[in-house]
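Given next are the chains, with one letter for each unit.
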Amino acid sequence: MTIKIGDTLPAGSLSEFIEAATEGCALGPNTFQVQDLVKGKTVAIFGLPGAYTPTCSAQHVPGYVANAAALKAKGVDEIWCVSVNDAFVMGAWGRDQKATGVVRMMADGNADFSRALGLDADFSKFGMGTRSQRYSMLVVDGVVKQLNVEQGGKFEVSNAETLLAQLG
């Protein structure tokens, strides 16, 4: 079943490549429980099929990087990019996209979180296995307040501009 507005995010974990060790976060991949990360926060989450893929690299991530300040001015505490890749790839892609410190590049390595959301997709015909659908959502204290899921192959409603407009 696909998550919908009003639902609480499912339990799950995501990994992030941490560039510099800090208290509680070691250098390299760190795994976080989603419920812990969203507690008491407003989080803009966007999911996409894969790192370094054309639409994801040319439009999706750059749009959220460019609109990060505007999203934060509307009350968003954090912005996450979720993709079915490992934390090393997501970290490298984040550096390449100049997203470090702006968008958290969250790895869903085995698509477990995407599957729990009901937003996984079969990209086997492209040699990519199970991936995430392209979507955006606004989550407030773990509850989905906005949800924009793209139709196959489209990039029309999950962009940063759409989510920003939904914030009023």
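Please refer to the structure higher up on the page.
Residues numbered from 1 in each chain as written. Predicted model: local features only at pLDDT ≥ 70, side-chain atom pairs only at ≥ 80, totals over all residues. Heavy atoms only, no water.

I would appreciate a short explanation of the sheet that holds strand β9 (residues 143-149) in the present structure.
Hydrogen bonds along the backbone pair up the strands of a sheet, which may run parallel or antiparallel. Reading across from one edge, β2-β1-β5-β4-β3-β8-β9 is the order of the seven strands in this open sheet, with mixed pairing throughout. Here the strands that pair on one side only, and so sit at the sheet edges, are β2 (28-33) and β9. Here the strands of the sheet are splayed against their neighbours by 30° on average, with no regard to which way each runs. Across two bridges, the pairing between strand β1 (residues 13-18) and strand β5 (residues 104-107) is antiparallel. Paired with E16 across the two strands is M106, which belongs to β5. (Pairing = 2+ DSSP bridges. Helix = DSSP H or I, 4+ residues; strand = E, 2+ residues; numbered from the N terminus. Axes fitted to C-alpha atoms, helices over the stretch in contact; angles between N-to-C directions.)

Honestly, the side chain of S136 in this entry has me stumped. Any pointers?
Secondary-structure assignment places S136 in strand β8 (residues 135-140). Residue S136 is classed as buried on the basis of its relative accessible area, which comes to 0%. Beyond its immediate sequence surroundings of up to four residues, S136 is in contact with I45, F46, Y64, Q146, L147, N148, V157, S158 and L163. (Buried < 20%, exposed > 50% of the residue type's maximum accessible area, 1.4 Å probe, protein only. Contact = heavy atoms within 4.5 Å.)

Shape descriptors only; they carry no functional weight alone.
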